[in-house]
Amino acid sequence: MELTRRHALGGAAAVAAAPLFASRPVSAAAPVADKQAPSFYRYKVGDIQVTVVSDGRFTFPLEENFILNAKKEEVNAALEKSFLPRDIFTIYFAPLVINTGGKLVVVDTGLGPVSKVNSKGANGMFADNLVAAGFDPKAVDMVVISHFHTDHVNGLLAADGTPAFPNAEVLVPATEWKYWMDDGEMSRAPAGRMQGLFKNNRNIFEAALKKKVTPYEWGKEVAPGLLAVETIGHTPGHTSYVLSSGSGKVFIQSDVTNNPCLFATHPGWHAFFDQDPDIAEKTRRRIYDMLVTEKLQLQGFHYPFPGLANLEKDGDGYRVVPAPWNPTI
Ligand SMILES: [Zn+2]
C-alpha cells in the first residue's frame, strides 16, 4: 500500500516539478495533411461482400423551411442534442459496391463529376473512391438505382458525359422510371426544383444512356441476394433492399430517412425533399418499426460514414447505434 502510494505520489510530484508544456521549440517536421484517406469500408453479409464507398458530404445553411412542419429553433435544438453546430446541416452520401461472388453490383452512384468540381471535392467523390477501393468501373456488371434524385443518379455519367460504368446493365425501379419519363408528369411538375429534376433525369437516361435500362419490380431479386422493397414517399418509386446471404441480412434503406440525427429521432418531420411527406413518414415509421422488431441492421445512404447501424425505439422516434468499425473483414 505504502509503496503504491509513494510511487503514485512520486509520479505526481515529478509531473508537477517538470511543467508539461515547457516552452520547447516547435519542430514539426511533417507537413499538416489537408485530406482524409479515400473513404471506403468493407463488411460481409454471409458470403456477399459489401463495400461502402463515400461520395462525400454537402454542408449548407439551415433554411427556415428546411423542415416543413418544424420551426428552425426546434431543428437547432435537435442538432445540439446530437452535439452538432446550429444553423448548418450536413448530408452524407454513400453508394455501395456489392460483390455477390458472381456479380459486381453498384447501388446508387453519388452526385457525379460536375459536383466534384463545383464542391472542390467535398462530394462527387464516388468514382475516385471506387478506384481507391480497388474496383475497375469497367468490371461493374450491374448498377442498381434506388430513385431518381441527383445524389443517386448523377454518378451514372463520367466527366465527359459517357456512361461511367460502360459494361454495366442499369436497373431502375419500374414505378420510378414510369413517373420521371412521363411527359404529362413533367409538364405538371412545379417550376424550380421539380422541373430541374425532370430535366436532369431526361439528360442522363434519354440523352446519355439512350434509355438502355432494365426496369425492375418490387418483391423480386434485382441481383443475387438483393431483394427490392417498396418504400415510397420520398419519390413515387423510391426503393430499398434486403441483402441476404446464408444467415446474414442487412436492410439497405436508401432515403427512408436522411441524416438520422434529425429524421430517425423525429420520424414525423417532413423535409422539403420528400415528394409526398405524409407517405414518406408512414413508410419511415413502418420500416423502422420493422427493423427494431426484427433487430435487422440497416445501411443508410445518408447516414454518417460508413452508415451501418442498429435501431431501437426511443419515445416517438428511434435511437441509432452505429455498428462498431471492424478493422478486419
Ligand atoms: Zn438521397
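Please read these numbers as outputs of a predicted model, since none were measured by experiment.

Focus: empty space enclosed by the protein
If you walk through the whole model with that rule in mind, you get 3 cavities of 30 Å³ or more. Every residue lining the largest cavity is listed: A94, L96, V107, D108, I252, S254, Q299, G300 and F301. Listing elements by their share of the lining of the largest cavity, those giving two or more residues are β13 (248-254) and β14 (298-300). Class assignment of the residues belonging to the lining of the largest cavity gives a composition of 5 nonpolar, 3 polar and 1 charged.

Concerning the pattern of salt bridges
In this structure the tally under the stated criterion is 13 salt bridges. Between R202 and E206 there is a salt bridge, with the nearest N and O atoms lying 3.7 Å from each other. Pair noted here: R202 and E206 are both in helix α8 (residues 193-208), with a separation of 4 residues, about one helical turn. R202 gets classed as buried once you look at its relative accessible area, which sits at 9%. Between K211 and E206 there is a salt bridge whose closest N-O contact spans 3.9 Å.

Some points on the packing of aromatic side chains
Under the criterion given, the structure shown has 22 aromatic pairs. A ring pair is formed by F66 and F89, whose centres lie 5.2 Å apart and whose planes are at 55 degrees; its orientation type is tilted. Placement of F66 in the loop between β3 (56-61) and α2 (72-81) and of F89 in strand β4 (residues 88-93) is noted, with a sequence separation of 23 residues between them. Like F66, the residue F89 is buried in the burial classification.

Describing the sheet that holds β13
Within a sheet, each strand pairs with its neighbour through backbone hydrogen bonds, oriented either parallel or antiparallel. Strand order in the open sheet formed by 7 strands is β10-β11-β12-β13-β14-β15-β16, with mixed pairing between adjacent strands. In this open sheet, the two strands that pair with only one neighbour each are β10 (221-223) and β16 (317-322). In this sheet, adjacent strand axes meet at a mean angle of 40 degrees when their direction is disregarded. In this structure, strand β12 (residues 239-245) lies alongside β13, joined through 5 bridges in antiparallel fashion. Its bridge partner being in β13, V242 is matched across the sheet by F251. Strand contacts of helix α10 (residues 277-294): β11 (226-230), β13, β14, β15 (308-314) and β16, with the helix running at about 100 degrees to β15, the strand carrying the most contacts.

Some words on the side chain of T90
Within the secondary structure layout, T90 lies in strand β4. Taking the relative accessible area as the measure of exposure, T90 reaches 18% and is therefore buried. The residues contacting T90, other than those within four sequence positions of it, are R57, F58, T59 and N259.

A few points about the nonpolar core
In terms of nonpolar packing, the biggest core is built from 32 residues, with F148, L156, F165 and F205 touching the most fellow members. With 5 residues, α8 is the largest single contributor of residues to this core. Not counting residues within four places of it along the chain, the set of residues in contact with F205 comprises F148, V153, L156, V172, W177, M181, K210, K211 and V213.

Some points on the coordination of the zinc ion
Protein coordination at the zinc ion comes from D151 (OD), H152 (NE2), D255 (OD) and H302 (NE2), with a distance range of 2.0 to 2.2 Å. Coordination at the zinc ion comes from 4 donor atoms whose angles at the metal span 89 to 169 degrees, giving a geometry best classed as irregular. Written as a sequence motif, the donor residues of the zinc ion are D-H-x102-D-x46-H. Taken together, the residues span a long stretch of sequence, with H152 in helix α5 (residues 150-153) and D255 in the loop between β13 and α9 (260-263) at a distance of 103 residues. Of the two residues, H152 and D255, both sit in the buried class.

Details of the confidence of the model for the protein chain
For the protein chain, mean pLDDT is 93; residues scoring 70 or higher make up 91% of the total. Within the model, pLDDT remains below 50 along residues 8-16, and this stretch shows 1 contact once partners closer than five positions in the same chain are excluded.

Observations regarding the layout of surface pockets
By volume, the largest pocket amounts to about 730 Å³. Contributing to the lining of the largest pocket are 31 residues, with S82, P260, C261, T265 and V320 lying nearest its centre. Listed by contribution, the elements that provide at least two residues to the lining of the largest pocket are α2, β4, α9, β15 and β16. For the lining of the largest pocket, the element with the most residues is β16, which contributes 5 residues. Of the residues contributing to the lining of the largest pocket, the split by class is 20 nonpolar, 7 polar and 4 charged.

Calculation rules
Residues numbered from 1 in each chain as written. Predicted model: local features only at pLDDT ≥ 70, side-chain atom pairs only at ≥ 80, totals over all residues. Heavy atoms only, no water. 1 Å grid on protein atoms, 1.4 Å probe; cavity = no way out; pocket = protein on both sides within 12 Å on 5 of 7 lines; lining within 4 Å. Points joined across faces, edges and corners; volume = space filled by probe spheres on them. Helix = DSSP H or I, 4+ residues; strand = E, 2+ residues; numbered from the N terminus. Nonpolar A, V, L, I, M, F, W, Y, C, P; charged D, E, K, R; others polar. Salt bridge = Lys/Arg side-chain N within 4 Å of Asp/Glu carboxyl O. Buried < 20%, exposed > 50% of the residue type's maximum accessible area, 1.4 Å probe, protein only. Phe/Tyr/Trp six-rings, centres within 6.5 Å; stacked < 30°, edge-to-face > 60°. Pairing = 2+ DSSP bridges. Axes fitted to C-alpha atoms, helices over the stretch in contact; angles between N-to-C directions. Contact = heavy atoms within 4.5 Å. Core = buried A, V, L, I, M, F, W, Y, C linked by side-chain atoms within 4.5 Å. Donors = N, O, S within 2.8 Å, 3.2 Å for Na, K, Ca; no water. Tetrahedral: all angles 85-135°; square planar, octahedral: opposite > 155°, others 65-115°. pLDDT = per-residue confidence, 0-100.

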